[in-house]
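Geometric and topological summary
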Amino acid sequence: MTEKVWYDECNIYFINKRVNHLDYRDFRIGRNYFSYARATGYIAFFALFVRLVMSVSYLNAYDTEWNIMWAVQLGEGFFSAHSHVNDLDYPPLYLYPLYFVGRLIRNDSIGGYPPLRMLTIKFLPCLTDSLTCIVLYRLASKRNKPLGLLAAAFWALNPAAIFNCACWGQTDCVLMFMAALLMLALEERHVTAAGILWAAMCSTKLQGLYLTPVVGMEVLTVCFGSLHPKEFSLSRIKKPAVMRLVRFVCAAAGTMALIYLPFMIGSAVSDFSPELGFWEKFFKPVTVYSEGLAKYPYITLNADNFYMLFGLNGVKDNWQILPGVTVSTLGSLYLLLAMALVVAVYLFGIRRSHWLAGFMFMQCVFMLTCRQHERYQIVTLVLLAGAFVTVADRRLMKLLTFSSIVIFFNQFRVLSSVRESTNWWRYYKYHYGTAEWLERRNDYAAMNALVNVILFGASMIFVIRYFFDEKSDKPVVSRAREIFNQQRSRIWK
């Protein structure tokens, strides 16, 4: 369906009518009569308002108080944070907003009042998640503005995102916003901005590194054109293309240096942790990546993925499934295969979508590798939303809807279990037992993991067909029957 036809079908006219001596004015949605940008701004403001109201209403100490402790301790030495803040496993960039959170929390009128305490630590995640609505609209505005408005509205009401930032107060929504900006910069072929955003994303959370294979292949494509062996030639490697790649590398390296060096120097010259040597303290802000991975050496930690389906939650990933082969080794192999699949998509795919490629890779990482937590899959949602806007396939809308519900339930099950275990409801003296669903939470985790595995299979079928099947728009059963008949005809001939 072309854009013109789409607009013709959705137009409702502003026409003054006189019926029964009364004036009626009909409403029209069209390019010349409706400000989509302003409507998107209203949606983003509404999304922020809803999230902030929920943030002050949902009191949660799990993880938020840990971050608040970091924020307060940053006042004892900001650039030396990695040498004295307790168990700090965050890269440096997110410490800047945490520092201001600590300054506010030190005020008794804020830190001593739980709703304002929640608002302080949750404000940035809520703000960035609301701004993601605008990014999605910007992505679609040059193609189909009503579709962009739909994507913005969908994100404003996305239960997984709302629960993550407004209830849990996690930083995943900050990472999603930065990932959306990064992929938008690649969409618009701004390699310098992409380099800055990639470095900033990796400097915010460890999970930002996961998108590196897709970003690298897309940058090469932006600089040198299609990487398909039939289309690529060495003649494309010219000075302008090489300089474009150099701009990306310099922007990424410069941003990394600007972010990390102050903290590396501050950590090295600080008086904290005298038992550590100069160079060990100097590289402390960098080693947080490996330290963060080593902190939770489990096959899965509450992540409803392939391993949860087999009851391996909380099991150490050094468990041997074959002589000399651990689950961790198997997960690493899956990671390498997922990276190879990304390369294959860019080298041999008949279509290109870095949004869909990023979604595919992140899905494989969450579902098949070890040491995944319940929240790590949420980044796939913004990539899937971007793919829906750019590819404009209604099947992606269905996948986005069901994935949002599964990811929401995964988070809800974990956080509500923690809240239930604190027995907060005993204050009211009307119940002294334990909620039945809490005792059966492992069953619910397995059920949710099963649905997630089914969605993973469906999403991988769609993605593989999109990249490698010329008739990917046909239903999978019809396409399989067609291929089977073709093969049978060749055999009989």
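Scroll up for the structure.
Described in the following lines is the structure provided in the data block. (Residues numbered from 1 in each chain as written. Predicted model: local features only at pLDDT ≥ 70, side-chain atom pairs only at ≥ 80, totals over all residues. Heavy atoms only, no water.)

**Looking at the pattern of salt bridges**
Here the structure, examined in full by the defined rule, presents 17 salt bridges. Here Glu 374 and Arg 375 are joined by a salt bridge, their closest N and O atoms 3.5 Å apart. Just as Glu 374 is buried, Arg 375 falls in that class too. Among the charged side chains, a network of salt bridges with common partners joins Arg 465, Asp 469, Lys 471, Lys 474, Arg 479 and Glu 482. (Salt bridge = Lys/Arg side-chain N within 4 Å of Asp/Glu carboxyl O. Buried < 20%, exposed > 50% of the residue type's maximum accessible area, 1.4 Å probe, protein only.)

**Side note on the layout of surface pockets**
In this model, the largest pocket occupies a volume close to 580 Å³. Contributions of two or more residues to the lining of the largest pocket are made by α3 (64-73) and α15 (284-295). Take the lining of the largest pocket: its biggest share by element is four residues, from α15. Among the residues making up the lining of the largest pocket, the classes are represented as twelve nonpolar, six polar and eight charged. (1 Å grid on protein atoms, 1.4 Å probe; cavity = no way out; pocket = protein on both sides within 12 Å on 5 of 7 lines; lining within 4 Å. Points joined across faces, edges and corners; volume = space filled by probe spheres on them. Helix = DSSP H or I, 4+ residues; strand = E, 2+ residues; numbered from the N terminus. Nonpolar A, V, L, I, M, F, W, Y, C, P; charged D, E, K, R; others polar.)

**Some thoughts on the packing of helix α19 (residues 394-421) against helix α21 (residues 441-468)**
Contact pair α19 / α21: the axes reach a minimum separation of 10 Å and the direction vectors enclose 155°. Here α21 runs roughly antiparallel to α19, going by the angle between their axes. The two elements α19 and α21 meet at a crossing, and its hand is left-handed. On α21, the residues that touch Arg 395, Leu 396, Leu 399, Phe 402, Ser 403, Val 406, Phe 409, Asn 410, Arg 413 and Ser 417 of α19 are Arg 441, Tyr 444, Ala 445, Asn 448, Val 451, Asn 452, Leu 455, Ser 459, Phe 462 and Arg 465. Per-class residue counts for the contact of α19 with α21 are ten nonpolar, six polar and four charged. (Axes fitted to C-alpha atoms, helices over the stretch in contact; angles between N-to-C directions. Parallel < 35°, antiparallel > 145°, perpendicular 65-115°, else oblique. Left-handed = near helix turned anticlockwise from the far one by under 90°. Contact = heavy atoms within 4.5 Å.)

**Here we look at the side chain of Ser 270**
With respect to the secondary-structure elements, Ser 270 resides in the loop between α13 (239-269) and α14 (278-282). Not counting residues up to four positions away in its chain, the partners in contact with Ser 270 are Ser 80, Ser 83 and Lys 281.

All quantities given are derived from atomic positions and should not be read as evidence of function.
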